[in-house]
Amino acid sequence: MPTQGSTKERVKDKTTEPKQYNVIMLNDDFTTMEFVVSVLIDIFKKDPVSAKQIMLFVHKNGRAVVGTYPYDIAFTKTSKALDRAKAKGYPFRMTIEEA
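Please read all numbers here as calculations on a predicted model, not as lab measurements.

S.K.: An account of the sheet that holds strand β2 (residues 63–70) is requested, with residue identities and associated values reported.
M.R.: Strands sit in the order β2-β1-β3 across an open sheet of three strands; the sheet is antiparallel. What marks the edges here is a single partner per strand, and that holds for β2 and β3 (93–98). The sheet shows a mean angle of 25 degrees between the axes of neighbouring strands, direction not considered. Examined bridge by bridge, strand β1 (residues 20–26) and β2 share seven bridges and lie antiparallel to one another. Each residue of the ladder has a partner; that of Tyr21, found in β2, is Tyr69. Contacts between helix α2 (residues 48–61) and the sheet are confined to β1 and β2, with β2 contributing the most and set at about 125 degrees to the helix.

Here it is in structure tokens:
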């Protein structure tokens, strides 16, 4: 029960969206196109047509953003892709940049 002269305080929730980060795939002359497409499908959840388009864009232009995520997700996806490439012996490269 409020006492006489008391005021009710309005509380606003201040939630902010997490910063977003771009995962960028870089071209190299040794990693197979099939491997790149499989990474895009399996790890980045691209459909086969989009995966092939992104792979060709990277091949022609040297780099491409393959997804934008909060940092933890971007880091996890990038790590999975790089670990898979290392296991196959590919010099595959990806980076993370703030969007």
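Here the narrative resumes, following the displayed structure.
S.K.: Would you mind going over the environment of Ala99 in detail, with residue names and values included?
M.R.: Checked against the element boundaries, Ala99 lands in the segment after β3. Sequence spacing of Ala99 and Glu17 is 82 residues, and the spatial spacing of their C-alpha atoms is 13 Å. Setting aside residues no more than four positions away along its own chain, Ala99 makes contact with Gln20, Tyr21, Asn22 and Thr68.

S.K.: So what's going on with the packing of helix α1 (residues 33–42) against helix α3 (residues 71–88)? Residues and values would help.
M.R.: The N-to-C vectors of α1 and α3 enclose an angle of 150 degrees; their axes lie 11 Å apart at closest approach. α3 is crossed by α1, and the crossing has right-handed handedness. Residues Phe35, Ser38, Val39 and Asp42 of α1 lie in contact with α3, whose contacting residues are Ala81, Arg84, Ala85 and Lys88. Looking at the contact of α1 with α3, its residues break down into four nonpolar, one polar and three charged.

S.K.: For α1, give the residues involved together with the corresponding values.
M.R.: For α1, the complete set of buried residues consists of Phe35, Val36, Val37, Val39 and Leu40. Its buried side turned inward, α1 meets β1, α2, β2 and α3.

S.K.: Break down the environment of Ser38 for me, with residues and values.
M.R.: Among the secondary structure elements, Ser38 is positioned in helix α1. Using a relative accessible area of 23% as the deciding quantity, one classes Ser38 as partly exposed. Sequence separation between Ser38 and Pro48 is ten residues, and the spatial gap between their C-alpha atoms is 8.5 Å. In contact with Ser38, other than residues within four places in its own chain, are Ile43 and Arg84.

S.K.: Account for unusual backbone geometry, naming residues and giving values.
M.R.: The backbone phi angle of Lys45 is positive, close to 55 degrees, even though this residue is not glycine. Considering the arrangement of structural elements, one finds Lys45 in the loop between α1 and α2.

S.K.: A description of the pattern of salt bridges should follow, citing residues and the corresponding values.
M.R.: Taken as a whole and assessed by the stated rule, the structure comprises three salt bridges. Here Asp42 ties to Arg84 by a salt bridge, and the two come within 3.0 Å at their closest N and O atoms. Of the two residues, Asp42 is situated in helix α1 and Arg84 in helix α3; the sequence distance between them amounts to 42 residues. Classification of Asp42 by relative accessible area gives partly exposed; the value is 39%. What makes Arg84 partly exposed here is its relative accessible area of 29%. Where Arg63 meets Glu97, a salt bridge forms, and the shortest distance between an N and an O atom there is 3.3 Å.

Definitions and cut-offs
- Residues numbered from 1 in each chain as written.
- Predicted model: local features only at pLDDT ≥ 70, side-chain atom pairs only at ≥ 80, totals over all residues.
- Heavy atoms only, no water.
- Pairing = 2+ DSSP bridges.
- Helix = DSSP H or I, 4+ residues; strand = E, 2+ residues; numbered from the N terminus.
- Axes fitted to C-alpha atoms, helices over the stretch in contact; angles between N-to-C directions.
- Contact = heavy atoms within 4.5 Å.
- Left-handed = near helix turned anticlockwise from the far one by under 90°.
- Nonpolar A, V, L, I, M, F, W, Y, C, P; charged D, E, K, R; others polar.
- Buried < 20%, exposed > 50% of the residue type's maximum accessible area, 1.4 Å probe, protein only.
- Salt bridge = Lys/Arg side-chain N within 4 Å of Asp/Glu carboxyl O.

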